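Next come the chains, spelled out residue by residue.
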Amino acid sequence: TQLLEQSPQFLSIQEGENLTVYCNSSSVFSSLQWYRQEPGEGPVLLVTVVTGGEVKKLKRLTFQFGDARKDSSLHITAAQPGDTGLYLCAGVRNTDKLIFGTGTRLQVFP
Amino acid sequence: ETGVTQTPRHLVMGMTNKKSLKCEQHLGHNAMYWYKQSAKKPLELMFVYNFKEQTENNSVPSRFSPECPNSSHLFLHLHTLQPEDSALYLCASSQDPTQSYGYTFGSGTRLTVV
């Protein structure tokens, strides 16, 4: 059973478009992290959200943690080719285990 | 050198070979991890080391053997692997095992078992 489901799995868009990636679970997490992984590299941490309802912005990226701390979303405004990559959410439960989501592969065409 | 460094970047090995993957971090982190990343599957946690002590073995087959000689170095010894073990093996470190500060990942070792 996959605890963290991400949608969509794949996304191909043109430069300048907006998009939202979702990370959903039936479990509660104490915090949630988002990573981006480029081809041939390891994932790189983008943000950590801790409080239910929390919103964090990182330039054109907006991250939100659900009120019940079971889900999260990542919104990208005016996507650029440099945003291309695999986006991973990862949740921390009460134990010391970080659980990764299924991933969303984003391709932004110029 | 900063960050997490993994060597080699690519490895091709036969099923009867023995090889080792190396991971090194100079971030002062106390926890280190091995993950397996296969196509179409989420990142799978394999092993966790906290202050050099193994605290997690996520039902990994014995043909994978981790070693953590100090808090800066982590190895994954491989022997008699199967083709289905071909994957990207990622090492990560964190300041503490509660993951509250996030992980720093290496670039991974792309392993192909032939």
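Notes on the structure in this doc start here. Everything quoted here is computed from the prediction, not taken from an experiment.

1. A closer look at the overall build of chain B
Then, in step 1: Summing up its helical and strand segments, chain B has zero helices and eleven strands in all.
Then, in step 2: Listed N to C, the secondary structure of chain B is β-β-β-β-β-β-β-β-β-β-β in terms of helices and strands.
Then, in step 3: Relative to the globule expectation of 13 Å for 114 residues, the C-alpha radius of gyration of chain B, 13 Å, shows essentially globular dimensions.
Then, in step 4: Each principal axis of the C-alpha distribution contributes one length, and for chain B these read about 35 × 30 × 30 Å.
Then, in step 5: A burial count over chain B gives 49% of its 114 residues as buried.
Then, in step 6: Counting only contacts in chain B whose residues sit at least 6 apart along the sequence, the fraction spanning at least 24 positions is 53%.
Then, in step 7: Accessible surface, chain B as shown: approximately 5,400 Å² in total, 49% of it carbon and sulfur.
Then, in step 8: Looking at chain B, you have 10 positive and 9 negative side-chain charges, and the mean spots of the two groups are 9 Å apart.

2. Here's the deal with the state of the cysteines
Then, in step 1: All told, the structure shown has two disulfides over all chains when counted by the stated rule.
Then, in step 2: Note on cysteine connectivity: Cys23(A) is disulfide-linked to Cys89(A), with sulfurs 2.0 Å apart. When the S-S torsion is 75°, as for the bridge of Cys23(A) with Cys89(A), the disulfide is right-handed. Separated by 66 residues along the polypeptide, Cys23(A) in strand β3 (residues 19-24) and Cys89(A) in strand β9 (residues 85-92) bring together distant segments of the chain.
Then, in step 3: You can call Cys89(A) buried: its relative accessible area is 0%.
Then, in step 4: Across the disulfide from Cys23(B) sits Cys91(B); the S-S distance is 1.9 Å. With the S-S bond torsion at -70°, the cross-link from Cys23(B) to Cys91(B) turns out left-handed.

3. Quick look at the packing of aromatic side chains
Then, in step 1: The final tally for this structure, using the stated rule, is ten aromatic pairs over all chains.
Then, in step 2: Plain terms: the ring middles of Tyr33(B) and Tyr103(B) are 4.3 Å apart, the flat faces sit at 20° to each other, and that makes the pair stacked. Of this pair, Tyr33(B) sits in strand β4 (residues 31-37) while Tyr103(B) sits in the loop between β9 (87-94) and β10 (104-105), and the two are 70 residues apart along the sequence.
Then, in step 3: Here Tyr33(B) falls in the buried class, since its relative accessible area comes to 1%.
Then, in step 4: For the pair Phe64(B) and Tyr89(B), a centre-to-centre distance of 5.8 Å together with 35° between the ring planes defines the contact as tilted. You can see Phe64(B) sitting in strand β7 (residues 64-70) and its partner Tyr89(B) sitting in strand β9, a full 25 residues away along the chain. Of the two residues, Phe64(B) and Tyr89(B), neither departs from the other in class, the shared state being buried.
Then, in step 5: Aromatic ring contacts, followed pair by pair, group Tyr35(A), Phe100(A), Tyr33(B), Tyr35(B), Tyr103(B) and Phe105(B) into a single cluster.

4. With respect to the sheet that holds strand β1 (residues 5-7) of chain A
Residues and elements named next belong to chain A.
Then, in step 1: Ordered in space as β1-β3-β8-β7-β6, the five strands form an open sheet in which the pairing is antiparallel. Either end of the sheet is taken by a strand with one partner, and the two such strands are β1 and β6 (55-58). Taking each pair of neighbouring strands and ignoring which way they run, the sheet shows an average axis angle of 15°.
Then, in step 2: Inspection of the sheet shows β3 paired to strand β8 (residues 71-76) by six bridges, in the antiparallel sense. Directly across from threonine 20, in β8, lies its bridge partner histidine 75.

5. Here we look at the environment of Leu74(B)
Residue and element names in this part refer to chain B.
Then, in step 1: The topology assignment puts leucine 74 in strand β8 (residues 73-79).
Then, in step 2: With relative accessibility at 0%, the residue leucine 74 sits in the buried group.
Then, in step 3: In this structure, the C-alpha to C-alpha distance between leucine 74 and tryptophan 34, residues 40 residues apart in sequence, is 8.6 Å.
Then, in step 4: Ignoring any residue separated from it by four or fewer positions in sequence, one finds leucine 74 in contact with Leu21, Lys22, Cys23, Met32, Tyr33, Trp34, Tyr49, Glu67, Cys68 and Cys91.

Conventions we followed
Residues numbered from 1 in each chain as written. Chains lettered and ligands numbered in written order. Predicted model: local features only at pLDDT ≥ 70, side-chain atom pairs only at ≥ 80, totals over all residues. Heavy atoms only, no water. Helix = DSSP H or I, 4+ residues; strand = E, 2+ residues; numbered from the N terminus. Rg over C-alpha atoms; globule rule 2.2 N^0.38 Å. Buried < 20%, exposed > 50% of the residue type's maximum accessible area, 1.4 Å probe, protein only. Contact = heavy atoms within 4.5 Å. Areas by Shrake-Rupley, 256 points an atom, 1.4 Å probe, with all protein chains shown as cover. Lys, Arg positive; Asp, Glu negative; His and termini not counted. Charge placed at Lys NZ, Arg CZ, Asp CG, Glu CD. Disulfide = S-S within 2.5 Å. Phe/Tyr/Trp six-rings, centres within 6.5 Å; stacked < 30°, edge-to-face > 60°. Pairing = 2+ DSSP bridges. Axes fitted to C-alpha atoms, helices over the stretch in contact; angles between N-to-C directions.

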